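One-letter residues, chain by chain:
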Amino acid sequence: MPRILLIEDEASIARAVEKTLTMAPGFSLDWVGDPDKAVIEAIARKPDLVLLDVRLPGGDGRVILQALKENAATRSLPVILLTGLAGEGDKVLGLNLGADDYVVKPFGAMELLARIQAVLRRSGPGAATRRTAKAGGLELDASQRSALLDGEALRLQPREFEVLFLLAAHAGQVLSRDFLIENTSSYGRGVPTRSLDTHIKNLRKKLGRKGGMIVTVPKLGYRLDA
Ligand code: CA
């Protein structure tokens, strides 16, 4: 269920985007009209994709794009720019600020939808899940299945990677065994929780002197303390 965050001051454009998204069942739209709240809302709402107007009152959408790319929590969010003029979007993409695509206003519904779907596809299967996680010296990339600890590669089994990714992506929060089992795709239903405990044990070993980062919270689950 892809969630789109629209940053746009004009209500008429917001309505047009909302109408467009009703053509794609399962899409949902959050609209932020105040550019000053754009980054905060993007962090809070964790959308799968941001539609960002280039022309905003009191500023330029490019400033927001830059802020999104500089913030660790929003860096990997795909962004499509809404621009007023042909060529305006080219400039922003050309400036290498990190936008994924742009759509020129006034846009057709089908064009906007096609671009959104293409960007979501490019941002990987399960676009709803975050693709990178960093915590406590760990750097995990789900699309590359790479795991580093303090810059050194870790050799992880697929399930170990998934468990560690979830823990790192939610560092500081307790994750229940059920949550970890249900949200790691390699697990089938009915996998005994003992096997999760085994993966945790192996992960602690592989993290070496930092193995203690994975904390057992009695009766609740596990937490990664960065
Ligand atoms: Ca505008």
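Only a predicted model underlies this, so the values are computations on that prediction, with no experimental measurement involved.

**Student:** Looking at this structure, I do not really get the overall build of the protein. What am I missing?
**Tutor:** Broken down by element type, the protein carries eight helices and 14 strands. Sorting the 226 residues of the protein into buried and exposed places 42% on the buried side. For the protein, the share of sequence-separated contacts (at least 6 apart) that also reach a separation of at least 24 residues comes to 57%. Carbon and sulfur atoms make up 52% of the accessible area of the protein, which amounts to about 11900 Å² in all.

**Student:** Looking at this structure, I do not really get the packing of helix α1 (residues 11-21) against helix α5 (residues 109-122). What am I missing?
**Tutor:** When two helices pack together, you describe them by how their axes are tilted relative to each other and by the distance separating the axes. Relative to each other, α1 and α5 sit at 70 degrees, their axes nearing to 9 Å. In terms of orientation, α1 lies roughly perpendicular with respect to α5. Along the contact surface, α1 presents Val17, Thr20 and Leu21, while α5 presents Ala109, Leu112, Leu113 and Ile116. When grouped by side-chain class, the residues that make up the contact of α1 with α5 number six nonpolar, one polar and no charged.

**Student:** How should I be thinking about the sheet that holds strand β10 (residues 146-149) in this particular structure?
**Tutor:** Consider a sheet: its strands pair through backbone hydrogen bonds, and that pairing is either parallel or antiparallel. The four strands lie next to each other as β8-β9-β10-β11, forming an open sheet whose pairing is antiparallel. Since the sheet does not close on itself, it has two edges, and those belong to β8 (132-135) and β11 (152-153), each with one partner. Direction of pairing for strand β9 (residues 138-141) relative to β10: antiparallel, over a ladder of four bridges. The residue bridging Glu139 from the neighbouring strand is Leu148, located in β10.

**Student:** Please clarify how helix α6 (residues 158-169) should be interpreted in this entry.
**Tutor:** Each α-helix turn comprises 3.6 residues. Residues three or four places apart therefore point the same way. An ideal rise of 1.5 Å per residue puts 16 Å on twelve residues; α6 measures up with 16 Å between its terminal C-alpha atoms. Counting buried residues in α6 gives ten out of twelve residues, a clear majority hidden from the surface.

**Student:** I would appreciate a short explanation of the coordination of the calcium ion in the present structure.
**Tutor:** Expected angles at a metal are 109.5 degrees for tetrahedral coordination by four donors and either 90 or 180 degrees for octahedral coordination by six donors. For the calcium ion, the protein coordination sphere consists of Glu8 (OE), Asp9 (OD), Glu10 (OE), Asp53 (OD) and Arg55 (O), at 2.1 to 2.9 Å. Along the chain, the residues donating to the calcium ion are arranged with the sequence spacing E-D-E-x42-D-x1-R.

**Student:** What exactly am I supposed to notice about α1 here?
**Tutor:** Taken together, the buried positions of α1 are occupied by Ile13, Ala14, Val17, Thr20 and Leu21. Buried residues along α1 cover an arc of 120 degrees about the axis, so they all sit on one side. Facing away from the buried surface of α1 by more than 90 degrees, the exposed residues are Arg15 and Lys19. In this structure, the buried residues of α1 make contact with β1 (3-7), β2 (28-32), β3 (49-53), β6 (79-83) and α5.

**Student:** Any chance you could explain the nonpolar core here in plain terms?
**Tutor:** Most often, soluble globular proteins keep nonpolar side chains buried together rather than apart. Counting 27 residues, the largest nonpolar core has Leu138, Leu164, Leu167 and Ile214 as the members making the most contacts within it. Contributions of two or more residues to this core are made by β8, β9, β10, α6, α7 (177-182), α8 (193-206) and β14 (221-224). Per element, the largest residue contribution to this core is eight residues, and it comes from α6. Those residues in contact with Leu164, other than ones at most four positions away along the chain, are Leu138, Leu140, Leu154, Leu156, Leu203, Leu207, Ile214 and Leu224.

**Student:** Is there a simple way to think about the pairing of β6 in this case?
**Tutor:** Taken residue by residue, a regular strand's side chains alternate between the two faces of the sheet. Summarising burial for β6: five of the five residues are buried, a large majority. Alignment of β3 against β6, held across four bridges, turns out to be parallel. Note on β6: the bridge partner recorded for Leu51 is Ile80. In this structure, β6 lies alongside strand β7 (residues 101-104), joined through four bridges in parallel fashion. Across the sheet, residue Thr83 finds its bridge partner in β7, namely Val104.

Scoring rules and cut-offs
Counting from 1, residues in each chain are numbered in the order their sequence is written. In keeping with the model being predicted, local features are shown solely for residues with a pLDDT of at least 70 and side-chain atom pairs are shown and tallied solely at 80 or more, while totals for entire chains, interfaces and linings include all residues. Working from all heavy atoms in the structure, the side-chain values ignore hydrogens and water. The numbering of helices and of strands both runs from the N terminus, where a helix is a DSSP run of H or I of at least 4 residues and a strand a run of E of at least 2. Each residue gets one of three labels from its accessible area relative to the maximum for its type: buried under 20%, exposed over 50%, partly exposed in between, using a 1.4 Å probe on protein chains only. The contact criterion used is simple: two residues touch if any of their non-hydrogen atoms lie within 4.5 Å. Where accessible areas are quoted, they stem from the Shrake-Rupley method and a 1.4 Å probe; at the residue level, only the protein chains shown are allowed to cover. Axis definition: a line fit to C-alpha positions, over the contact stretch in the case of helices; interaxial angles, taken between N-to-C directions, run 0 to 180 degrees. Throughout this description, any angle smaller than 35 degrees is read as roughly parallel, any larger than 145 degrees as roughly antiparallel, any in the 65 to 115 degree range as roughly perpendicular, and the remainder as oblique. Throughout, the ten residues Ala, Val, Leu, Ile, Met, Phe, Trp, Tyr, Cys and Pro are labelled nonpolar, Asp, Glu, Lys and Arg are labelled charged, and all others, Gly among them, are labelled polar. DSSP calls a pair of strands paired once it identifies at least 2 bridges connecting them. By this rule, a helix spans an expected 1.5 Å times one less than how many residues it contains. Donor selection uses N, O and S atoms within 2.8 Å of the metal (3.2 Å for Na, K and Ca). Since no water is included, sites may look incomplete. What the arc describes is the spread of directions from the helix axis to the C-beta atoms. Residue types Ala, Val, Leu, Ile, Met, Phe, Trp, Tyr and Cys, when buried and joined through side-chain atoms within 4.5 Å, form a set referred to as a nonpolar core.

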